[in-house]
Amino acid sequence: MTRNERRDEVREILALDTDELVKRSNGQLVLFPTLDEVYDYLAEEMVNEFQKAAAGDEVVSFIMPVGPTQPYRLMAEKINYRQISLKNVRFFFMDEYVDDEKDELIPVTHPLSFRGQIGPLLFDRIRSDLLMPADQIVFPTPENIKDLPRMIEDAGGIEVCYGGIGIHGHVAFNEPGPGVAESNPRILEINEFTRTIDSTRHPGVGGNLENFPRRAITMGMKQCLEARRMLLMTRNETTAFLWANTILRIAALGKPGDDYPVTHARYHKNLQIVSDYGTAEKPRINI
């Protein structure tokens, strides 16, 4: 797809009323009145999958993000209340930041570390007798990066890939680029669209682009797309910072292309994109 073709497509998509947007998505786009309802829906969907795994006799694998963070408190509460064992659950986390100069993960003590955040967000909130064994919590690392596709295959594949959608359509840190749909786990340079958004929307960072990580390790888009189900979301967290309206619409209706990696999920046999009505509104100015 040429740049001019994408520009024309985006103008057309942004001109649609929300009802028409949902209609054209053929059931792949699910909207809720509030973000609280979005987060509860995501938490409930995840917990229901874990409950199904607990009733079986095999370990079931999921690709998990660390953000959006809001569903994790709800997820922990639901797991504890329903006493759902996670012994039959394996988490392959999507990504982590990498040192700017060398192929090493940032320290777990770094304030942006996903490994450091997930304990307080989720695991520390779940009763210890319900948690999965430690070796069923897998982050991509420079040491296991080449083995991850085989590990996933040996585990029976991914049941559900959960994740957010970035401003340029990245899922995990699968940024726009040639052949992104077939990409495997790797270390990459984070593009400036992503760095700018993340440095301004991450609480407390204050737009510190100079020191925001420039590199990350990520699960490949190939592994995400091969999941038996994909449940993705994006949203504006505040009405003062409206960044997600366009990418939500591109994710729902855009023609698949390497310039917006999430569009490669459009023809996934079991895709659902979740957001709120506010984020789904067409922008006031269609340039």
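Criteria and thresholds
- Residues numbered from 1 in each chain as written.
- Predicted model: local features only at pLDDT ≥ 70, side-chain atom pairs only at ≥ 80, totals over all residues.
- Heavy atoms only, no water.
- Helix = DSSP H or I, 4+ residues; strand = E, 2+ residues; numbered from the N terminus.
- Expected span 1.5 Å × (residues − 1).
- Buried < 20%, exposed > 50% of the residue type's maximum accessible area, 1.4 Å probe, protein only.
- Arc of directions from axis to C-beta.
- Contact = heavy atoms within 4.5 Å.
- 1 Å grid on protein atoms, 1.4 Å probe; cavity = no way out; pocket = protein on both sides within 12 Å on 5 of 7 lines; lining within 4 Å.
- Points joined across faces, edges and corners; volume = space filled by probe spheres on them.
- Nonpolar A, V, L, I, M, F, W, Y, C, P; charged D, E, K, R; others polar.
- Pairing = 2+ DSSP bridges.
- Right-handed = clockwise from strand over helix to strand, strands pointing away.
- Polar contact = N/O pair within 3.5 Å; in protein donor to acceptor, adjacent residues only side chain to side chain.

Engineer: Where do I start with helix α1 (residues 3–14) in this structure?
Structural biologist: What sets the pattern is the α-helix's 3.6 residues per turn: residues three or four places apart point alike. The terminal C-alpha atoms of α1 lie 16 Å apart, and with 12 residues this matches the ideal 16 Å at 1.5 Å per residue to within 8%. Where α1 is concerned, the buried positions are R6, E9, V10, I13 and L14. The arc enclosing the buried residues of α1, seen along the axis, measures out at 125 degrees, which places them on a common side. Packed against the buried residues of α1 are α9 (245–253).

Engineer: Even after reading the chapter, I still don't get unusual backbone geometry, so can you show me in this structure?
Structural biologist: Note: most residues except glycine have negative phi, and most peptide bonds are trans. A cis geometry characterises the amide bond from G67 onward to P68, with omega recorded as 5 degrees. Within the secondary structure layout, P68 lies in the loop between β2 (60–64) and α4 (70–82). The phi torsion at N26 lies on the positive side, around 55 degrees, for a residue other than glycine. For Q83, which is not glycine, the phi torsion reads 55 degrees and is therefore positive. Judged by relative accessible area, which is 55%, Q83 ranks as exposed.

Engineer: What is the right way to look at empty space enclosed by the protein in this model?
Structural biologist: Summed over all chains, the structure comprises 1 cavity of 30 Å³ or more. By volume, the largest cavity amounts to about 60 Å³. Lining the largest cavity, in full, are L42, M46, P65, P68, P71, Y72, Y162, G163, L231 and M233. Among the secondary structure elements, those contributing two or more residues to the lining of the largest cavity are α3 (35–54), α4, β6 (158–164) and β9 (229–233). Its residues assigned to classes, the lining of the largest cavity shows 9 nonpolar, 1 polar and no charged.

Engineer: Sorry, what's going on with the pairing of β2 here?
Structural biologist: Every regular strand shows the same layout, with side chains that alternate between the two sheet faces. With 4 of 5 residues buried, β2 is to be regarded as a mostly interior element. With 5 bridges joining them, β2 and strand β3 (residues 89–93) adopt parallel strand pairing. The residue bridging F62 from the neighbouring strand is F91, located in β3. As a crossover connection, the stretch from β2 through α4 into β3 is right-handed. One ladder, built from 3 bridges, connects β2 with β6; its direction is parallel. Residue pairing for β6: I63 is matched across the bridge by C161.

Engineer: Help me out: how do you make sense of the layout of surface pockets in this one?
Structural biologist: Empty space left among the atoms is revealed by rolling a probe the size of a water molecule over them. What the largest pocket holds in volume is close to 950 Å³. Every residue lining the largest pocket is counted, 31 residues in all, and those nearest its centre are V10, L14, T246, I247 and Y260. Secondary-structure elements contributing two or more residues to the lining of the largest pocket are α1, α9 and α10 (277–280). Within the lining of the largest pocket, the residues separate by chemical class into 12 nonpolar, 9 polar and 10 charged.

Engineer: Whenever I open this one, helix α7 (residues 192–201) confuses me. Can you help?
Structural biologist: Among the residues making up α7, those that are buried are T194, R195, I197, D198 and S199. Elements that come into contact with the buried residues of α7 comprise β4 (95–98). For α7, the side-chain oxygen to backbone nitrogen distance between the N-cap and F193 is 3.0 Å, and the N-cap itself is N191.

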